[in-house]
Amino acid sequence: MPINVNNPEADALTRKFAEMAGVGITDAIVIAMREAIERRRNQETPRETAARLRAKHGVTLDDAARKPLPREVFDTMWDED
């Protein structure tokens, strides 16, 4: 599927990256997107994200919140009676 970019900055950055990497425009986009996705994926773990969000919003976890819920809680959620 074709990509049509009508943004002069995006075009310039893509061409600059392609030249630096010694590849064509299409390969430059693929390489850049793979690298960007990998960087974001490795930026923080889900646990780190949760901790950051709790700190941002002032949410604290007490000992009870750290314990797993009993199986009955899940069974109740899925009970269709």
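Below is a short write-up of the structure.

Rules of the game
Residues numbered from 1 in each chain as written. Predicted model: local features only at pLDDT ≥ 70, side-chain atom pairs only at ≥ 80, totals over all residues. Heavy atoms only, no water. Helix = DSSP H or I, 4+ residues; strand = E, 2+ residues; numbered from the N terminus. Rg over C-alpha atoms; globule rule 2.2 N^0.38 Å. Buried < 20%, exposed > 50% of the residue type's maximum accessible area, 1.4 Å probe, protein only. Areas by Shrake-Rupley, 256 points an atom, 1.4 Å probe, with all protein chains shown as cover. Lys, Arg positive; Asp, Glu negative; His and termini not counted. Charge placed at Lys NZ, Arg CZ, Asp CG, Glu CD. Salt bridge = Lys/Arg side-chain N within 4 Å of Asp/Glu carboxyl O. Patch = residues over 30% accessible without salt bridge, like charges linked within 9 Å, V, L, I, M, F, W, Y side chains within 5 Å. Polar contact = N/O pair within 3.5 Å; in protein donor to acceptor, adjacent residues only side chain to side chain. Expected span 1.5 Å × (residues − 1).

**A word on the overall build of the protein chain**
Looking only at helices and strands, the protein chain has 5 helices and 0 strands in total. Listed N to C, the secondary structure of the protein chain is α-α-α-α-α in terms of helices and strands. Scaling as 2.2 N^0.38, a compact globule of 81 residues should have a C-alpha radius of gyration of about 12 Å, whereas the protein chain reaches 23 Å, well beyond that. Evaluated residue by residue, the protein chain yields a buried proportion of 2% over its 81 residues. With an accessible surface of roughly 7,900 Å², the protein chain has 55% of that area assigned to carbon and sulfur atoms. Separation between the mean location of the 13 positive side-chain charges and that of the 15 negative ones in the protein chain comes to 7 Å.

**Quick word on the pattern of salt bridges**
If you walk through the whole model with that rule in mind, you get 4 salt bridges. In this structure, the salt-bridge partner of Arg 52 is Glu 44, at a minimum N-O distance of 2.7 Å. You can call Glu 44 partly exposed: its relative accessible area is 25%.

**Side note on a nonpolar patch on the surface**
On the surface, Leu 69, Val 73, Phe 74, Met 77 and Trp 78 cluster together into a nonpolar patch covering about 570 Å² of accessible area. For Phe 74, the location among the structural elements is in helix 5 (residues 71–78). Relative accessible area serves as the criterion here: at 41%, Phe 74 is assigned to the partly exposed category.

**Here we look at the environment of Thr 76**
Turning to its location among the elements, Thr 76 is positioned in helix 5. Under the relative-accessibility criterion, Thr 76 is labelled exposed at 59%. One polar contact links the side chain of Thr 76 to the main-chain carbonyl oxygen of Glu 72, over a distance of 2.8 Å.

**Here's the deal with helix 1 (residues 8–21)**
Here helix 1 is 14 residues long and its end C-alpha atoms lie 20 Å apart, about the 20 Å a rise of 1.5 Å per residue gives. Capping of helix 1 at its N-terminal end is provided by Asn 7; its side-chain oxygen lies 2.8 Å from the backbone amide nitrogen of Glu 9. One or two residues past the end of helix 1 sits Gly 22, with phi positive at roughly 70 degrees.

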